[in-house]
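Overview (structure and organization)
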Amino acid sequence: MSINATLIIQMLVFFAVIWITMKYIWPVILGAMQEREQKIADGLAAGDRAEKELDRAKAKVDTLIIEAKEQAGQIKDQANQVANKVKDQAKSDALAEKERQLAAAEAEIEQQVNRAREQLRQQVSALAVAGAEKLISKEVDAKKHAQLLDELIAEI
Amino acid sequence: MASGESGGSAGDYISHHLVNNTQELVEGSSFWTINADSVFYTILLAVIYLLFFRSVAKKATSGVPSKTQNFVEMILGFVNTQVNDVFTGSSKLVAPMALSIFIWVWLMNFMDLMPIDLIPWLGTLMGIEYMKIVPSTDLNIVFGMSFGVMLLVFYYSFTVKKPTILGYLREFVTHPFAAKGWLGKILLAGPNLFLNLVETLAKPVSLSLRLFGNMYAGELIFILIAVLTVNYTFSDFFTAGGIMVSVMQFILAFVWAVFHILIITLQAYIFMMLSVVYMNMAHETHEDH
């Protein structure tokens, strides 16, 4: 066991190994590692951002839902109002119609009554004339006394 | 863990396992000799490390990583954290250096956990008489790496800090003891130089010997455990004593191997961290005195 040329060979190989490591191994692998670190950091940051955006979106959705509910309530109220109005309108229309028909029917009845009264009056006047004819046994000129008779009829 | 060769004594077996397979580059020169086994395994492990990590790097994605990529990223992240904790400057060199040292030294140490005679036995089949398969039990390998680290420290001092050479040398004689007057400076120059030289030399020596000592001792204990049945013939394993010794050997080797997993990782980690610390010391200036 003595120092010999092996030492020099080993030294040269030592430098060669370090040089190759420095040139072809270390930067490549470390570069990949650092790149991955960067990627992971970016991914985590993106995750945080996405979470924040999700929160914001959720808040927005909540406000939208509240607004929609309010609007729906308003629409419902309006619809109710319209419906009530329509109902009232229909009711009043129906009442008016009823009044109208009632009035018409009453008028009709009145008319009928009047007509019947007129007939009755005429018949009564005819009867009266006939009675008077018989009473006075003398024909009364119907035409002459029509005026008089009409007045009589009107009096009845 | 029975040895392939029978008949040799325990001493022969041990010394056989502590000898490198040397090849002389220059005839008769003890320095221009290489430990062929150490060089082969250290380069093999370096290639395994580089190919594995490079294949992961090629397929590296910043999306969902595969299990292999995940594993590699775990190691890388660990090393990166350690380096960032210790090293205060910014350098493209230090972290890759730490990773290389950590994985490579760990792989070298891991060879210690291989069945002690398996690979050398395969080697004998190919006509290689003996080899040490754990590169980090070779002084040349550990010193090669620690000197490499020190050279990187010097390189870093000069390129990143960009001191003047004079300024760099002045640090050797003005620290750690600083004086105000010129007389004091001259008087303290000698002790300062001495201390700094010791410090500079102690760094690589302690760095490498710590690793070497741990691995060498661990290897030696594996060898000693293996020695228990070194002279057994096949039939010896089936005698009552043979079974007992074999079971004991198995338990000892198992326990030591489990413990050793901790040691090899710890030593690789320490080698890495000390290298980073030395680099950081080169980064720190002493101008605040």
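These figures come from a predicted structure and were not determined experimentally.

1. Structural notes on the overall build of chain A
Counting its secondary structure elements, chain A contains two helices and zero strands. Against the globule reference of 15 Å for 156 residues, chain A gives a C-alpha radius of gyration of 60 Å, more extended than a compact globule. Burial status across chain A gives 14% buried among its 156 residues. Counting only carbon and sulfur atoms, one obtains 59% of the accessible surface of chain A, whose full area is about 12300 Å².

2. Remarks on the overall build of chain B
Counting its secondary structure elements, chain B contains nine helices and two strands. In sequence order, the secondary structure elements of chain B are arranged as α-β-β-α-α-α-α-α-α-α-α. A buried classification covers 43% of the 289 residues belonging to chain B. For chain B, restricting intrachain contacts to residue pairs at least 6 apart in sequence, the fraction spanning at least 24 positions comes to 71%. Surface exposure of chain B reaches about 15000 Å², of which carbon and sulfur atoms provide 72%. Between the mean site of the 13 positive side-chain charges and the mean site of the 18 negative ones, chain B shows a separation of 19 Å.

3. What to know about a nonpolar patch on the surface
Where nonpolar side chains cluster on the molecular surface, the patch consists of Ile3, Ile8 and Leu12 of chain A together with Leu25, Val26, Phe31 and Trp32 of chain B and spans about 630 Å² of accessible area. Within the secondary structure layout, Leu25 of chain B lies in the loop between strand S1 (22–24) and strand S2 (33–35). Taking relative accessible area as the criterion, Leu25 of chain B reaches 53% and is therefore assigned exposed.

4. A look at the interface of chain A and chain B
Where interface size is quoted, it is often the accessible area lost as the parts come together. Each side of the interface is counted separately: chain A has 30 residues, and chain B has 54 residues. Carbon and sulfur atoms supply 76% of the area buried between chain A and chain B, which totals about 3600 Å² over both sides. Seen at the junction of chain A and chain B, the total is one salt bridge. Linking Arg36 of chain A and Glu73 of chain B is a salt bridge whose minimum nitrogen-to-oxygen distance equals 2.7 Å. Where chain A packs against chain B, one counts 16 residue pairs in polar contact (both at pLDDT 80 or more). By residue class, the composition of the side of chain A that touches chain B is 22 nonpolar, five polar and three charged.

5. A word on helix H4 (residues 94–110) of chain B
Taking 1.5 Å per residue, 17 residues should reach 24 Å; H4 of chain B reaches 24 Å between its end C-alpha atoms and fits that length. H4 of chain B sits mainly inside the fold: 15 of its 17 residues count as buried.

6. Concerning the side chain of Asn109 of chain B
Residues and elements named next belong to chain B. Of note, Asn109 is situated in helix H4. A distance of 3.2 Å separates a polar atom in the side chain of Asn109 from the backbone oxygen of Ile264. Not counting the four nearest positions on each side in its chain, Asn109 is found in contact with Ser136, Leu211, Met215, Ile264, Gln267 and Ala268.

7. Digging into the pattern of salt bridges
Residue and element names in this part refer to chain A. Scanning the entire structure with this criterion turns up three salt bridges over all chains. The partner of Arg121 in a salt bridge is Glu118, and the shortest N-O contact between them spans 3.3 Å. With Arg121 and Glu118 both in helix H1 (residues 6–136) and three residues apart, the pair spans about one turn of that helix.

8. Side note on H1 of chain A
Under the 1.5 Å per step criterion, the end-to-end length of H1 of chain A is 186 Å for 131 residues, consistent within 8% with the ideal 195 Å. Along its length, H1 of chain A reaches its greatest deviation from straightness, about 45°, at Met22 of chain A.

9. Some remarks on the packing of aromatic side chains
Summed over all chains, the structure comprises 16 aromatic pairs over all chains. Between Phe78 of chain B and Tyr269 of chain B the ring centres are 5.8 Å apart and the planes differ by 35°, which places this aromatic pair in the tilted class. Of this pair, Phe78 of chain B sits in helix H3 (residues 67–86) while Tyr269 of chain B sits in helix H9 (residues 240–283), placing them 191 residues apart in sequence. One aromatic cluster in this structure is built from Phe14 and Phe15 of chain A together with Trp104 of chain B.

10. Considering the environment of Leu54 of chain A
Residues and elements named next belong to chain A. Locating Leu54 in the fold gives a position in helix H1. A relative accessible area of 47% means that Leu54 is categorised as partly exposed. With 69 residues separating them in the primary sequence, Leu54 and Gln123 have C-alpha atoms 101 Å apart.

11. Details of the environment of Ser15 of chain B
Residues and elements named next belong to chain B. Relative to the assigned elements, Ser15 resides in helix H1 (residues 10–17). What makes Ser15 partly exposed here is its relative accessible area of 38%. As for Ser15 and Ile225, which are separated by 210 residues in sequence, their C-alpha atoms are 14 Å apart.

12. Focus on the confidence of the model for chain B
Residues and elements named next belong to chain B. Confidence along chain B averages 84 in pLDDT terms, with 93% of residues attaining 70 or more. Within chain B, helix H7 (residues 165–174) has the poorest average pLDDT of any element, 72, and H4 the best, 93. Between residues 1–7, whose pLDDT stays under 50, and residues either more than four places distant or in other chains, the model counts 16 contacts. Here the prediction assigns the complex a pTM of 0.73, and the interface score ipTM is 0.84.

Calculation rules
- Residues numbered from 1 in each chain as written.
- Chains lettered and ligands numbered in written order.
- Predicted model: local features only at pLDDT ≥ 70, side-chain atom pairs only at ≥ 80, totals over all residues.
- Heavy atoms only, no water.
- Helix = DSSP H or I, 4+ residues; strand = E, 2+ residues; numbered from the N terminus.
- Rg over C-alpha atoms; globule rule 2.2 N^0.38 Å.
- Buried < 20%, exposed > 50% of the residue type's maximum accessible area, 1.4 Å probe, protein only.
- Areas by Shrake-Rupley, 256 points an atom, 1.4 Å probe, with all protein chains shown as cover.
- Contact = heavy atoms within 4.5 Å.
- Lys, Arg positive; Asp, Glu negative; His and termini not counted.
- Charge placed at Lys NZ, Arg CZ, Asp CG, Glu CD.
- Patch = residues over 30% accessible without salt bridge, like charges linked within 9 Å, V, L, I, M, F, W, Y side chains within 5 Å.
- Salt bridge = Lys/Arg side-chain N within 4 Å of Asp/Glu carboxyl O.
- Buried area = accessible area lost by both parts, 1.4 Å probe.
- Polar contact = N/O pair within 3.5 Å; in protein donor to acceptor, adjacent residues only side chain to side chain.
- Nonpolar A, V, L, I, M, F, W, Y, C, P; charged D, E, K, R; others polar.
- Expected span 1.5 Å × (residues − 1).
- Bend = angle between axes of the 7 residues up to and from the residue.
- Phe/Tyr/Trp six-rings, centres within 6.5 Å; stacked < 30°, edge-to-face > 60°.
- pLDDT = per-residue confidence, 0-100.

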